[in-house]
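Close look at the chain arrangement
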Amino acid sequence: FLGSKKRSIYVEGIARVFEATYLYRVVDFNGVEVVSGFSMAKAGGPDGGYFDLFLTIPETSSTGEYLLEVYTNSPKDGSKQDTVGVIFNIE
């Protein structure tokens, strides 16, 4: 994760996820979701696949702390699972 004082961030990592698909979202500390979506790693489980992601926080969002979550949804009930979170600041 390469955080930034600017509104663009770059995230890279390795994901071991079914069919290489993961979800992401950014929320402020009031719980308001400002960015969300899904993407694919370079390989699916059981292998780990590299991923990278460029995100832009909207200009309408305030400065302060944000939480980026990368996760999968449970095939059983759709709940979030395997969540990894990173806190970052926008100044």
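Up top you'll find the structure we're talking about.
Described below are features of the structure shown in this document.

**Observations concerning unusual backbone geometry**
Gly45 connects to Pro46 through a cis peptide bond whose omega is 15°. Its location among the elements puts Pro46 in the loop between strand S3 (33–40) and strand S4 (49–56). If you check the backbone angles, Ala20 has positive phi at about 65° while not being a glycine. By secondary structure assignment, the location of Ala20 is in the loop between strand S1 (8–15) and strand S2 (21–28). Residue Asp82 is not a glycine yet carries a positive backbone phi of 55°. For Asp82, the position within the fold is in strand S6 (residues 80–90). Relative accessible area serves as the criterion here: at 57%, Asp82 is assigned to the exposed category.

**Re the packing of aromatic side chains**
Per the counting criterion, the structure on display carries 3 aromatic pairs. Look at Tyr66 and Phe88: their rings are 5.9 Å apart centre to centre, the planes differ by 20°, and that puts the pair in the stacked class. One end of the pair, Tyr66, is in strand S5 (residues 64–73); the other, Phe88, is in strand S6, with 22 residues separating them in the sequence. Lys80 extends its terminal NZ or CZ atom over the ring of Tyr71, reaching a point 5.2 Å from the ring centre.

**Some details on the side chain of Asp28**
Relative to the elements of secondary structure, Asp28 occurs in strand S2. Arg25 provides the closest opposite charge to the buried, unpaired Asp28, separated from it by 9.3 Å. Of note is the side chain of Asp28, whose polar atom sits 2.9 Å from the backbone nitrogen of Val32. With residues up to four places along the chain from it excluded, the contact list for Asp28 reads Glu65 and Tyr66.

**Details of the pairing of S6**
Here 9 bridges tie S5 to S6, and the two strands are oriented antiparallel to one another. Across the sheet, Thr72 pairs through a bridge with Gln81, a residue of S6. Connecting the antiparallel pair S5 and S6 is a turn made up of 6 residues, with Gly78 showing a positive phi of about 80°.

What counts and how
- Residues numbered from 1 in each chain as written.
- Predicted model: local features only at pLDDT ≥ 70, side-chain atom pairs only at ≥ 80, totals over all residues.
- Heavy atoms only, no water.
- Helix = DSSP H or I, 4+ residues; strand = E, 2+ residues; numbered from the N terminus.
- Buried < 20%, exposed > 50% of the residue type's maximum accessible area, 1.4 Å probe, protein only.
- Phe/Tyr/Trp six-rings, centres within 6.5 Å; stacked < 30°, edge-to-face > 60°.
- Lys NZ or Arg CZ within 6 Å of the ring centre and 35° of its normal.
- Lys, Arg positive; Asp, Glu negative; His and termini not counted.
- Salt bridge = Lys/Arg side-chain N within 4 Å of Asp/Glu carboxyl O.
- Polar contact = N/O pair within 3.5 Å; in protein donor to acceptor, adjacent residues only side chain to side chain.
- Contact = heavy atoms within 4.5 Å.
- Pairing = 2+ DSSP bridges.

Purely geometric stuff here, so don't read any function into it on its own.
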